[in-house]
Amino acid sequence: MPEPSGILEEMTIDDLRELAPNVAVIPLGSTEPHGPALPLGTDTFQTDVLAKRATRLARERGARVVCYPTLPITLNNNCRKFPFACRVGVRTFMSMLTDIIEQAYADGVRRVLILNGHGGNNETVGALMRDLAARDDVPFVCVTSGGMASPEASAMIEHPSEHGGEREASYQMYVRPDLVRHDKLADNPRGQATLPSLRNPAVQFVRPWHAHVPVSAGGEQRKASAEKGKAIIESAAANIATLLVELSEAPESADFPY
Ligand SMILES: [Zn+2]
């Protein structure tokens with residue numbers, strides 16, 4: 001394993017000064033219900049493993065990357081009818097991320113990768129990047145997710161689901177097998193809007209999750225496996241590591257990344 005590791009929580013102040021990171025990974029988890037079979041920490045657990053794995057792989061290739069602690073409470077307004085769908089407000093979330101990114105810039109970071117493990121954050125992270133694009137005194141910011149896995153690895157999932165389905169069950173079987181309730185794995189129901197035009201994915205709205213996935217997880221989970229989870233996470237980690245290496249090695253320029 002390369003030293004320093006790049007994992008912020010594991011390093012000392014001397015490690016950090018030696019590494020002098022120019023790239024930061026900010027992993028976004030979430031704590032919210034994922035149905036009867038999976039833990040509330042599902043998004044946080046899988047994102048934490050993915051972020052640290054990608055960081056270690058990038059460090060092995062010489063990237064000066066630091067991985068922040070995975071944020072466990074993000075956006076869940078659409079889940080508020082479920083208990084303990086932990087959330088902060090959209091404006092709070094944008095302010096918090098802005099503060100973290102400003103501090104990273106002050107500490108020498110010039111490129112930030114937000115690793116988003118929770119779909120409820122997508123639009124707001126987009127708005128954050130758009131907001132920061134108005135300024136010169138912040139790092140370059142980009143965002144990705146487990147969607148960085150290869151098409152071959154992603155195709156192992158036989159029953160795609162937006163929340164708590166085969167993919168997330170497979171991740172948990174790999175990263176936290178002790179927390180998966182195998183006797184509760186099921187084909188969980190999914191609701192849809194009664195207005196036909198609102199089922200067109202070209203029309204976007206915030207879906208009330210208690211109606212969209214009534215048991216707080218949706219879709220067929222019973223084809224999930226630790227092997228699938230491992231293949232997808234390892235594939236995504238390898239591709240994210242390459243992105244981190246590119247971000248770290250590219251010279252600074254006024255028109256970066258062009
Ligand atoms: Zn999830």
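Use the structure listed above.
Residues numbered from 1 in each chain as written. Predicted model: local features only at pLDDT ≥ 70, side-chain atom pairs only at ≥ 80, totals over all residues.

Draft legend 1. Spotlight on the overall build of the protein. Within the protein, the secondary structure is distributed over eight helices and six strands. For the protein, the N- to C-terminal ordering of α and β elements is α-β-α-β-α-β-α-β-α-α-β-α-β-α. A compact globule built from 258 residues should have a C-alpha radius of gyration of about 18 Å, and the protein, at 19 Å, falls within 12% of that. (Helix = DSSP H or I, 4+ residues; strand = E, 2+ residues; numbered from the N terminus. Rg over C-alpha atoms; globule rule 2.2 N^0.38 Å.)

Draft legend 2. A look at unusual backbone geometry. In the segment running from F256 into P257, the intervening peptide bond is cis, with an omega of 5°. Note on placement: P257 falls in the segment after α8 (226–249). Phi is positive for S216, which is not a glycine, with a value near 75°. In this fold, S216 is placed in the loop between α7 (209–212) and β6 (219–220). A tally of 23 C-beta atoms within 10 Å means that S216 is categorised as buried. (Buried ≥ 20, exposed ≤ 12 C-beta atoms within 10 Å, placed from the backbone.)

Draft legend 3. Spatial organisation of the environment of N116. As for its placement among the helices and strands, N116 is situated in strand β3 (residues 111–116). C-alpha separation for the pair N116 and T144, spaced 28 residues apart in sequence, amounts to 6.1 Å. Beyond its immediate sequence surroundings of up to four residues, N116 is in contact with L28, N121, N122, V125, V143 and S145. (Contact = placed C-beta atoms within 7 Å.)

Draft legend 4. Expanded view of the nonpolar core. Counting residues in each nonpolar core, the largest one holds 59 residues, and the members touching the most others are A24, V25, A54, V112 and L244. Looking at this core, the elements with two or more residues in it are β1 (23–28), α2 (42–60), β2 (65–67), α3 (90–106), β3, α4 (122–132), α6 (166–175) and α8. The greatest single-element share of this core, amounting to nine residues, is contributed by α8. Excluding residues that lie within four positions of it along the chain, V112 makes contacts with A24, I26, I101, A104, P139, F140 and V141. (Core = buried A, V, L, I, M, F, W, Y, C linked by C-beta atoms within 7 Å.)

Draft legend 5. Examining the sheet that holds β2 more closely. Strand order in the open sheet formed by four strands is β2-β1-β3-β4, and the pairing between neighbours is parallel. What marks the edges here is a single partner per strand, and that holds for β2 and β4 (140–144). Between one strand axis and the next, the sheet turns through 20° on average, direction left out of account. (Pairing = 2+ DSSP bridges. Axes fitted to C-alpha atoms, helices over the stretch in contact; angles between N-to-C directions.)

Draft legend 6. Inspection of the pairing of β1 at higher detail. Judged by how many residues are buried, β1 sits mostly within the fold: six of six residues are covered. Residues of β1 alternate between two faces, with V23, V25 and P27 on one and A24, I26 and L28 on the opposite face, all of them buried. By the bridge criterion, three bridges tie β1 to β2 in an arrangement that is parallel. Its bridge partner lying in β2, V25 is registered against C67. Since β1 and β2 lie parallel, the crossover through α2 that links them has a hand, and here it is right-handed. (Right-handed = clockwise from strand over helix to strand, strands pointing away.)

Draft legend 7. Highlighting α3. Its 17 residues place the ends of α3 24 Å apart at the C-alpha level, agreeing with the 24 Å of an ideal helix rising 1.5 Å per residue. Here α3 has its buried residues at F93, L97, I101 and A104. Looking down the long axis of α3, one finds its buried residues gathered within 60° of arc, a one-sided arrangement. Opposite the buried face of α3, by more than 90 degrees, sit the exposed residues R91, T92, D99, Q103 and A106. In the core, the buried residues of α3 are packed alongside β1, β3, α4 and β4. Two residues or fewer after α3 comes G108, characterised by a positive phi angle close to 105°. (Expected span 1.5 Å × (residues − 1). Arc of directions from axis to C-beta.)

Draft legend 8. Representation of the environment of Q172 within the structure. Summarising the element assignment, Q172 is placed in helix α6. For Q172, a count of 25 C-beta atoms within 10 Å translates into the label buried. Considered as a pair, Q172 and R87 are 85 residues apart in the sequence and their alpha carbons are 22 Å apart. Here Q172 is in contact with L38, T42, F45, Q46, L179 and V180, once residues within four sequence places are set aside.

Draft legend 9. Seen up close, the environment of A217. Assignment of secondary structure puts A217 in the loop between α7 and β6. Counting along the chain gives 29 residues from A217 to N188, while the straight-line C-alpha distance between them is 6.4 Å. If we skip the residues at most four places from it in the chain, A217 touches H34, G35, L38, H163, G164, G165 and N188.

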